[in-house]
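# Secondary and tertiary structure notes
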Amino acid sequence: MALTKWIRVNCNVNGAVVTFDTSSVGCSITNGYCDTEVVTTGTPYKTFTVKKSGYQTYTGQVTSWPANGQTVNLYATLNPIPSPSYGSIQVTSQPAGAIAILDGGTRQRTPTTFSSVRAGTSHTIQITMSGYQSYGTSVYVNAGQTATVDAYLTPNPPQQTGSLNINSQPEGRISMWTGDLWRKPPRISSPTLLPVHILSGCTRQAMMNMPRLSP
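First things first, this report covers the structure right here in the doc. Since this is a predicted model, take the numbers as computed values, not measurements. (Residues numbered from 1 in each chain as written. Predicted model: local features only at pLDDT ≥ 70, side-chain atom pairs only at ≥ 80, totals over all residues. Heavy atoms only, no water.)

## Remarks on the state of the cysteines
For the structure on display, the rule yields one disulfide. In this model C27 forms its disulfide with C34; the gap between the sulfur atoms is 2.0 Å. When the S-S torsion is 50°, as for the bridge of C27 with C34, the disulfide is right-handed. One exposure class covers both C27 and C34, and it is buried. C34 supplies the cysteine sulfur nearest to C11, a cysteine that is in no disulfide, at a spacing of 8.4 Å. Given a relative accessible area of 8%, C11 falls into the buried group. (Disulfide = S-S within 2.5 Å. Buried < 20%, exposed > 50% of the residue type's maximum accessible area, 1.4 Å probe, protein only.)

The structure is reproduced here in structure tokens:
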């Protein structure tokens, strides 16, 4: 005849669920404890786990096995899971009106403040504005505090422009297409050298390989 014995788990949180080893056998904490019945012929448990939503899971060792008709007491203390703490990031730019991007996602126009930003870690801020070079930085946020980002945007360098003059003999026999391709005019024989003038603030003389035109 199998005799009963008990394992009592004492816990500070009512409603927590107790299980043993990897099985679903267990009980729920009521009035600070719960009892699980075991039998003499059963395999002794090695560990017990106590869980409840909003609390950190507790796992402990079954330090002793009850004798017939006895109860072994085990103890577990559940600690609440800390709520994430938050801070803010204040972003300004010169000039104002740029787009600030937080961690590659949320976008706001400067000056602005990103609120409810997770604290205890670093965040990336990217700032863009037409006509200016992009600005990027990383900023660490402390709980309950406001980190600041002051960006001074650099204008894009002016584009270099100029003119290309091509002379041919006879006139009106050369046509070009933008890109890397040349459109071949009629009556082309072999390549020759033609004078090319490049005007960009000053005039420079250069030579370019161009097709020789047949008369």
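## A few points about unusual backbone geometry
In this chain, Q94 is followed by P95 through a cis amide linkage whose omega measures 0°. Along the chain, the position of P95 falls in the loop between β8 (86-94) and β9 (99-102). Here the amide bond leading from T110 into P111 is cis, since omega sits at -5°, within 30 degrees of zero. A positive phi angle, near 55°, is found at N31, a position not held by glycine. Examined against the element boundaries, N31 turns out to sit in the loop between β3 (26-28) and β4 (33-39). The exposure class assigned to N31 is exposed, which follows from its relative accessible area of 66%. (Helix = DSSP H or I, 4+ residues; strand = E, 2+ residues; numbered from the N terminus.)

## Topic: the pairing of strand β5 (residues 47-51)
Here strand β2 (residues 17-20) pairs with β5 via four bridges, running antiparallel. Opposite T19, over in β5, you have T49 as the bridge partner. As judged from the four bridges shared by β5 and strand β6 (residues 58-61), these two strands associate in the antiparallel manner. From the neighbouring strand, V50 faces β6, where its bridge partner is Y58. Linking β5 back to β6 in an antiparallel pair, the connection comprises six residues, with G54 at a positive phi of about 90°. (Pairing = 2+ DSSP bridges.)

## Quick notes on the environment of P155
The residue P155 is located in the loop between β14 (146-152) and β15 (163-166) in this model. On the basis of relative accessibility, which here comes to 49%, the residue P155 falls in the partly exposed class. In this structure the C-alpha to C-alpha distance between P155 and G131, which are 24 residues apart in sequence, comes to 6.0 Å. In this view, P155 contacts G131, Y132 and Q133; residues no more than four positions away in its chain are not counted. (Contact = heavy atoms within 4.5 Å.)

## Details of the nonpolar core
Counting 19 residues, the largest nonpolar core has V9, V18, F20, F48 and V50 as the members making the most contacts within it. Among the secondary structure elements, those contributing two or more residues to this core are β1 (4-11), β2, β4, β5 and β7 (71-76). Among all residues touching V50, those that are not within four sequence positions of it are V9, C11, A16, V17, V18, T57, Y58, A76 and L78. Formed by 16 residues, the second largest nonpolar core is a distinct cluster that contains L102, A119, I127 and A147. (Core = buried A, V, L, I, M, F, W, Y, C linked by side-chain atoms within 4.5 Å.)

## Focus on the packing of aromatic side chains
Counted by the stated rule, this structure contains three aromatic pairs. Considering the side-chain rings of Y45 and W65, the 5.5 Å spacing of their centres and the 80° angle between planes classify their relative orientation as edge-to-face. Highlighted residues: Y45 in the loop between β4 and β5 and W65 in the loop between β6 and β7, separated in sequence by 20 residues. Assessed through its relative accessible area of 24%, W65 is described here as partly exposed. Of the aromatic side chains, those joined through ring pairs into one cluster are F20, Y45 and W65. Over the ring of Y33 we find R8; its NZ or CZ atom is 4.1 Å from the centre of that ring. (Phe/Tyr/Trp six-rings, centres within 6.5 Å; stacked < 30°, edge-to-face > 60°. Lys NZ or Arg CZ within 6 Å of the ring centre and 35° of its normal.)

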